[in-house]
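Breakdown of the fold
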Amino acid sequence: MAICDSREFDRHALAAALSNDPRLHVAATTGDPAQLLLELSRLATGELAVILGSRVLREHATLPGLVRSAHPGARVVAIGVDESALRRLVDACRLDGYVRRNGEIDDISSVVRGADV
């Protein structure tokens, strides 16, 4: 799994929280979309989840497509605070879902893995 969020504390806190789920492995965390793509190029193809901060998505709307070009089966989800804005990002960027920053960690883990919440 990879996390790209411009909020440094938030991305590290999310990575630490998700590391408690033995089904998930955080391979990369960054605030820079170019660095994310570089990190993803180093990962083997296969099952991959990428969490993108809403601010990153608003500034780099093509990022999900670039992620999927490198990893066609990647699950790409947004994270943010405003649920209506997150829904719009899911539609506009063709994401697989979204999670709220203040959500329960089990719910976040389920959305990232693609399980029903």
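Structure shown above.
The notes below deal with the structure included here.

Each value, and the rule that gives it
- Residues numbered from 1 in each chain as written.
- Predicted model: local features only at pLDDT ≥ 70, side-chain atom pairs only at ≥ 80, totals over all residues.
- Heavy atoms only, no water.
- Helix = DSSP H or I, 4+ residues; strand = E, 2+ residues; numbered from the N terminus.
- Buried < 20%, exposed > 50% of the residue type's maximum accessible area, 1.4 Å probe, protein only.
- Contact = heavy atoms within 4.5 Å.
- Arc of directions from axis to C-beta.

Notes on the side chain of S54
Relative to the helices and strands, S54 is located in helix α3 (residues 54-59). Looking at S54, the relative accessible area reads 14%, which means it is buried. With residues near it in sequence (within four places) discarded, S54 still touches I79, G80, L86 and L89.

Focus on helix α5 (residues 83-93)
Those residues of α5 not exposed but buried are A85, L86, L89, V90 and C93. Viewed along the axis of α5, the buried residues span an arc of 145°, placing them on a single side of the element. More than 90 degrees from the buried face of α5, the exposed residues found are R88, D91 and A92. Packing partners of the buried residues in α5 comprise α3, α4 (63-70), β4 (75-80) and β5 (97-100). Looking at the residues trailing α5, positive phi occurs at R94, about 55°.

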